[in-house]
Each structure stands twice: as C-alpha cells, then as structure tokens.
Amino acid sequence: MIQVCPAAVGELKRGEVKVNYLVIDLEMCGVPQMYRTGKYKYSNEIIQIGAVLLDQKFMQADTFCQYVHPEYGALDHFISALTGIENKQLKHAHPLKEVLHMLIDWIGGRRYKVYAWSENDYCQLAREIRCKEIEDPDIKDFMDQGKWLDYQEIFGRRYKFSRAIGLDEALMLCDIEPDGKFHNGLDDAVTVSYTHLRA
C-alpha cells in the first residue's frame, strides 16, 4: 500500500532538504483473453505515461509524456476514442523499461515524491515490472513505496469523505476546469496537480 501523508506544506526551514513532487498518470489498453498467458494474466497494459514535476512550492516546473508499446494488449476503438491515442503512436513507441528510464532521466538528480490518483497506477506498474521481468536498480528505486503518495486518499481526508471520490468530483469541489482531455496521461497529471494547488 502506498503511503498517505498530510498535503499541507509550509515554508522550508533552514537545513531541510528540498523535495520536488511528481504527479503521474497512466493510460492503459485492454489485453484480450487469448493473450493473457501464464506470464501475463492481467486485463490491462500501460500505453502512456504522463507526469508533471512540481517544485517545492508546488508550482509546475516541467512535464513528461511518452507512449508505451504494449507487449500483450491491443488498442481498440473504445480506448482510442476515450484517450485520443492511435495505433500509429504506439507502433513505434518504446517498451515500458525504456520509457521508465526516460522518465527517471528526466527527473534527474532531484529528490522527489510521487503523487498518483489512487493506488491503481502504482499497482499496475508493479505488476508489469514483475511480469515483464524488469530488473533494474534505478527502476526499483523509483518504485520504492516510501516515495509514492495516494493523492485521492489525501484529498478525501482533506474534505472528510468516507468514500473514494473520482477526479471529476475533485475538480468540481475545487472549481477547476479540466486541462485538455480526460484520460490523456499528461492532461490528467496536469489536472491532478491543479487540484493540489487549489484545494
């Protein structure tokens, strides 16, 4: 389980280490039943990683967006219409391991925490890393659960919800118009970062 921590951040005190905040969002396609082999038994596979890097004051510093070539999944009409992703964008995309390395290189030497809307993205990443036998020390460090924060849980606690709420509800509470298209990895990451700034 990824951790939950208070979202409020005060001014940094003398001697404190500056931490950046990475808001991440994944988009996935379905995996047909016939391709759910003994090695990969899951119904979804990552096809896009979007991320926004926030500085110590939670201001946007940079963005990242890469498509991921699926090894088992297939992009059907429904997912294509939902996400705006097309097969031609996935055909020559890099596999998951390479995209994760690109993401880690983009983060650079910064200290960071990862914000994800619910635990689903972390769990999906962890499953694919395991099933695809990705063994790499930098990726292992990125997946350290101590770095990951469940912002859906944080947001729900802030507003005293007893149930998990969707991103669309969070936007209404914060009076925010969605940035770009729902179910686009980068646009959703940007939108989640706005809820943190406004809430």
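Peer 1: Which parts of the structure should I look at to understand the overall build of the chain?
Peer 2: Regarding its fold elements, the chain presents eight helices and five strands. Its helices and strands in sequence order give the chain the pattern β-β-β-α-α-α-β-α-α-β-α-α-α, from N to C terminus. When each of the 199 residues of the chain is scored for burial, the buried share is 44%. If you take every contact in the chain between residues at least 6 apart in sequence, the share linking residues at least 24 apart comes to 71%. Accessible surface for the chain amounts to roughly 10,800 Å². Of this, 50% is attributable to carbon and sulfur atoms.

Peer 1: Help me out: how do you make sense of the packing of aromatic side chains in this one?
Peer 2: Enumeration according to the criterion identifies 11 aromatic pairs in this entry. On the numbers, 4.7 Å between centres and 15° between planes, the contact of Tyr40 with Tyr72 is stacked. You can see Tyr40 sitting in the loop between β1 (20-30) and β2 (44-54) and its partner Tyr72 sitting in the loop between β3 (60-67) and α1 (77-83), a full 32 residues away along the chain. Each member of the pair, Tyr40 together with Tyr72, is buried. Members of the aromatic cluster, each reached through a chain of ring pairs, are Tyr21, Phe58, Tyr115, Trp117 and Tyr151. Sitting over the face of the ring of Tyr42, Arg127 holds its NZ or CZ atom 5.1 Å from the ring centroid.

Peer 1: Honestly, the nonpolar core in this entry has me stumped. Any pointers?
Peer 2: The nonpolar side chains of soluble globular proteins are, as a tendency, buried together. Counting 27 residues, the largest nonpolar core has Ile24, Ile49, Leu103, Leu125, Phe142 and Trp148 as the members making the most contacts within it. Mapped onto this core, the elements with two or more residues apiece are β1, β2, α3 (96-107), β4 (112-116), α4 (120-131) and α5 (137-142). For this core, the leading source of residues is α3, giving seven residues. The contacts of Ile49, once residues within four sequence positions are left out, are Ile24, Asp25, Leu26, Phe64, Cys65, Gln66, Val68, Leu96, Val99, Leu100 and Leu103. Judged by nonpolar contacts, the second largest core, of 20 residues, contains Tyr21, Leu149, Leu167 and Ala189.

Peer 1: It is not clear to me how the pairing of β3 should be interpreted in this structure. Could you clarify?
Peer 2: Each regular strand shows side chains that alternate between the opposite faces of the sheet. Pairing of β2 with β3 involves seven bridges; the strand directions are antiparallel. Bridge pairing in β3 links Leu54 to Gln60. With antiparallel pairing between neighbouring strands as the criterion, β2 and β3 make up a hairpin whose turn holds five residues, including Phe58 at a positive phi of roughly 65°.

Peer 1: Help me understand the confidence of the model for the chain, please; the structure alone is not making it clear to me.
Peer 2: Interpreting fine coordinate detail is not advised for predicted regions of low pLDDT. Mean pLDDT over the chain: 84, with 85% of residues reaching 70 or higher. Ranking the elements of the chain by mean pLDDT puts helix α8 (residues 185-198) last with 69 and α3 first with 98. Below pLDDT 50 for its whole length, residues 1-16 participates in 34 contacts with residues either more than four positions away or in separate chains.

Peer 1: Explain helix α6 (residues 151-158) here, please?
Peer 2: Residues three or four positions apart in an α-helix share a direction because the helix packs 3.6 residues into each turn. Looking only at α6, the buried set comprises Tyr151, Gln152, Ile154, Phe155 and Gly156. The residue sitting at the N-terminus of α6 and contributing the capping side-chain oxygen is Asp150; that oxygen lies 3.2 Å from the backbone nitrogen of Gln152. Of the residues trailing α6, Lys160 is marked for its positive phi of about 60°.

Peer 1: Got a minute to help me understand the sheet that holds β4 in this structure?
Peer 2: Whether parallel or antiparallel, the strands of a sheet pair through hydrogen bonds between backbone atoms. Taken in spatial order, the five strands line up as β3-β2-β1-β4-β5 in an open sheet, and their pairing is mixed. Whereas interior strands pair on both sides, the edge strands pair on one side only; in this sheet they are β3 and β5 (148-150). Each strand of the sheet is rotated relative to its neighbour by a mean of 25°, with strand direction disregarded. Pairing of β1 with β4, which is carried by five bridges, proceeds in the parallel orientation. If you follow Val23 over to β4, its bridge partner there is Tyr115. Set on the sheet, α4 makes contact with β1, β2 and β5; between it and β2 the angle comes to about 125°. Those strands touched by α6 are β4 and β5, and its axis lies near 45° from that of β5.

Parameters at a glance
Residues numbered from 1 in each chain as written. Predicted model: local features only at pLDDT ≥ 70, side-chain atom pairs only at ≥ 80, totals over all residues. Heavy atoms only, no water. Helix = DSSP H or I, 4+ residues; strand = E, 2+ residues; numbered from the N terminus. Buried < 20%, exposed > 50% of the residue type's maximum accessible area, 1.4 Å probe, protein only. Contact = heavy atoms within 4.5 Å. Areas by Shrake-Rupley, 256 points an atom, 1.4 Å probe, with all protein chains shown as cover. Phe/Tyr/Trp six-rings, centres within 6.5 Å; stacked < 30°, edge-to-face > 60°. Lys NZ or Arg CZ within 6 Å of the ring centre and 35° of its normal. Core = buried A, V, L, I, M, F, W, Y, C linked by side-chain atoms within 4.5 Å. Pairing = 2+ DSSP bridges. pLDDT = per-residue confidence, 0-100. Polar contact = N/O pair within 3.5 Å; in protein donor to acceptor, adjacent residues only side chain to side chain. Axes fitted to C-alpha atoms, helices over the stretch in contact; angles between N-to-C directions.

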